[in-house]
Amino acid sequence: CEDIAKRALALPCPTPRVCHLRNYLSLNSQTIVDQVIAVFFPMKNSFTGESTLEISCHGNSFIVEKIIEDLLKRGCRIAKPGEFTQRAFLSGRIDLTQAESIAELISAKSDAELKIANLNLAGSQGKVYKALQERILHLQAQLEASIDFPEEEIESESKSSILHVIDSIIEETSLLIDNSAKKKILSNAIRVLILGPANVGKSTLFNSFLGLERALVSHKPGTTRDYISSQVSIGDYRVEFIDCAGIRKTDNSTENLGIEKAIELIDDAFLILFVIDGSLPYPTDFDQRALDKIKGKEIVIIENKKDISKVVSSEQYPAHIQRFEICAHETSDVSRVTSFINTHLTDKFYQDPSKEVIVNARHRKLLDNSLSHLRRARKSMDENDGEEFVLQELFNSRSFIDEIIGVKTNEDVLDKLFGEFCIGK
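Before going into details, it helps to say that this report is about the structure given with it. (Residues numbered from 1 in each chain as written. Predicted model: local features only at pLDDT ≥ 70, side-chain atom pairs only at ≥ 80, totals over all residues. Heavy atoms only, no water.)

## Some words on helix H13 (residues 361-382)
Part 1 of the argument: Here H13 is 22 residues long and its end C-alpha atoms lie 32 Å apart, about the 32 Å a rise of 1.5 Å per residue gives.
Part 2 of the argument: Turning to H13, its buried residues are Arg362, His363, Leu366, Leu367, Ser370, Leu371, His373, Leu374, Ala377, Ser380 and Met381.
Part 3 of the argument: Where H13 ends, the next residue or the one after it, asparagine 384, has phi of about 55 degrees, a positive value. (Helix = DSSP H or I, 4+ residues; strand = E, 2+ residues; numbered from the N terminus. Expected span 1.5 Å × (residues − 1). Buried < 20%, exposed > 50% of the residue type's maximum accessible area, 1.4 Å probe, protein only.)

This is how it looks when you write it as structure tokens:
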């Protein structure tokens, strides 16, 4: 870095962390390529922990290419995917959870993902895992002491206390594993299925959420044969609204295929907006398979067509289910529904990992392994197998937490993890 600063920028002794306005001179002709800003970061005081020279040029791809070509001639090379972040991890500047958060920050598509990634980059997620490590390590120390001093056997009161701590760690680990589903939902957009009988205004509501005429609307029942979807931002979240065929009994084979697909979509829906026509009695030809599938799902009842005299009885719905009377054409009514969705999602997805850690797929797998050994440790302790057996299981459990943070690493795992980063970063 110092050599390039001296020869390419005529800056023999750059002051650390100070912007220098210099002419970038080409290696062969010593002609000016561009007027640039250069900042030098000395060893142990940069992102990677190594000496770093950052060069900012004008926003012209031709100039960028010329400078990169010149740097390659001076002995530099193009960074591998994730190499800067990998070097920062290997030099101890960040732990592995922070390294992963940088990739998540780059790929974030919603404010919620962005907030979680930034908090993880600040170390919130790592603190949770390190606290788990400390608790397991404390148990190991207690059991090691009983082995070193065999004349002092673990008393029943002490054994009960150790079992209680193991149980609490098992519970905390299980909660972390359960939260892995939320990571998947956030990363792929939150699916909201607009479901209901035919000709109740589902497509009109879908269009109103999007603010454009995306779905065809007709007064004739069964117009929607296939499902269509589109993503919009609601508050901090990326939501995918799905409009599907109206659920009813019909002899039309093509419409039946659409109904079958609509019933399948129920499985992957995070929230179901169950739309009915409030001006008509509750439909009797609604497919029972759909009713069976939506049991246990998050449901909101939407009574559409409030501008017409109400006929349907609200007493048919379970008391705990949220209900809205709307006209799908009215912006204020649709806004009430979107506002509810935003509040509902905020309640379901914490954006502070210190309160609820959103676990990715890699962490989930390692936590599963850690939990398995914790349960074995508890069983050995409960059955008086001997402290050395419990210790081994606790050691195995903690080793998987070590892998999450990066205390214990595998070169192949690191290559795979950082290889998924964008080029360079």
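## Quick notes on the environment of serine 313
Part 1 of the argument: Within the fold, serine 313 resides in the loop between strand E8 (299-304) and strand E9 (322-325).
Part 2 of the argument: Overall, serine 313 belongs to the partly exposed group, its relative accessible area being 30%.

## Section: the pairing of strand E7 (residues 271-277)
Part 1 of the argument: In terms of burial, E7 is largely enclosed, as seven of its seven residues are buried.
Part 2 of the argument: With burial as the criterion, each face of E7 is covered, one bearing Leu271, Leu273, Val275 and Asp277 and the other bearing Ile272, Phe274 and Ile276.
Part 3 of the argument: Pairing analysis gives four bridges linking strand E4 (residues 190-195) to E7, with the strands arranged parallel. Of the residues in E7, the one forming a bridge with leucine 195 is phenylalanine 274.
Part 4 of the argument: Pairing between E7 and E8: six bridges, direction parallel. Across the sheet, isoleucine 272 pairs through a bridge with isoleucine 299, a residue of E8. (Pairing = 2+ DSSP bridges.)

## Observations regarding the side chain of threonine 48
Part 1 of the argument: In this fold, threonine 48 is placed in the loop between strand E2 (32-41) and strand E3 (52-56).
Part 2 of the argument: Its relative accessible area of 3% is what places threonine 48 among the buried residues.

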